[in-house]
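Take a look at the letters that make up each chain.
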Amino acid sequence: MEINQIYPDISFGDAVSNDIIEIRNILRDMGYSSEIYAQEISPKCLNYIKPLSEYKGNIDNIIIYHFALLGLDVTDLVKRLPDMKILIYHNITPSEFFNGYDSYLSHLCSKGRDELRSLIDHIDMAVGDSEYNCHELRKIGFKQIEALPVVVDVSKYADYDPNLAADLRKDDTINFLFVGRIAPNKRQEDVIRIFYYYNKYINSNSRLYLVGYKQVKKYAYELEDMILRHNLSDKVFLTGHINNKKLASYYRTSHIFLCMSEHEGFCVPLVEAMAFGIPVLAFAAAAIPDTLGNAGILLH
């Protein structure tokens, strides 16, 4: 028996793709034959991900289908496969967060939730990677549901950039950090507002680093304009997408992890911040209370 995984679009470094790879490694360590199949594969992942067109299905196999966005042809294929099917639901950002910013992303999210409902009669077991996601699965009609948190391998941050770390530590500056794609549901503007107050009224020797790729360009422009209007150009920095070595440097040198996101299906950076021993302040929304537990301070 093989236990294989399917995901429409494997990217390098994103939370869902990392979770899929870690699950594959665990299954292999347990002695199972296990591969990952995807329709779209990042060039950096070609050596260990197989094209979905190569998978033919087998009644003796188990397929794990990861669902985080509209799957279209991939979802149709999964429905037709003879394998036993497990769905892992990573949640889909509600479409209204993208209204006025990115109509295409809004459309994908809206249709993705419709597509999720269409899988109810084709799935043998549904899995949510947080209790919040399990609740959503129950609400729309899935029956056999289990919770399985995201597998987070913090050992990949063992190596860091000493030059960057030294630069971040200079002048005994207090460093605020948030890690996550630049998108409206992440509410980076609220992080900036809180930092602005702290920097102006409490400690001017402070900086804020917003680490993550600019998924929604119009929202990123608004943040950049906000930074300019508040005279924070030398205090607040949008780093864009960075590698693990650089990210480890930011985690190592930060004094507080501040998350004001209004929608998270799990929020892996919370776990990473915990692993580095950084105090965490987080807005108590969606799956954040599930993930953070009592390891930080929840803001209401």
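Up top is the structure these notes are about.
Residues numbered from 1 in each chain as written. Predicted model: local features only at pLDDT ≥ 70, side-chain atom pairs only at ≥ 80, totals over all residues. Heavy atoms only, no water.

(A) Region of interest: the sheet that holds strand S13 (residues 297-299). The 6 strands lie next to each other as S10-S9-S8-S11-S12-S13, forming an open sheet whose pairing is parallel. Two strands lie at the open edges of the sheet, namely strand S10 (236-240) and S13, each paired on one side alone. Ignoring which end each strand starts from, the neighbouring axes of this sheet average 20 degrees apart. Where strand S8 (residues 174-179) meets strand S9 (residues 206-211), 6 bridges bridge the pair, whose relative direction is parallel. Note on S9: the bridge partner recorded for Ile174 is Ser206. Sheet strands in contact with helix H9 (residues 268-275) are S8, strand S11 (256-259) and strand S12 (280-283), and its direction is about 165 degrees off that of S11. (Pairing = 2+ DSSP bridges. Helix = DSSP H or I, 4+ residues; strand = E, 2+ residues; numbered from the N terminus. Axes fitted to C-alpha atoms, helices over the stretch in contact; angles between N-to-C directions. Contact = heavy atoms within 4.5 Å.)

(B) The arrangement of the packing of aromatic side chains in detail. According to the stated counting rule, one finds 12 aromatic pairs in the structure shown. On the basis of an interplanar angle of 20 degrees and a centroid distance of 5.4 Å, the ring pair of Tyr209 and Phe237 is categorised as stacked. Here Tyr209 is found in strand S9, whereas its partner Phe237 is found in strand S10, with 28 residues between them in sequence. Site record: aromatic cluster; members linked through ring pairs are Tyr157, Tyr251 and Phe276. (Phe/Tyr/Trp six-rings, centres within 6.5 Å; stacked < 30°, edge-to-face > 60°.)

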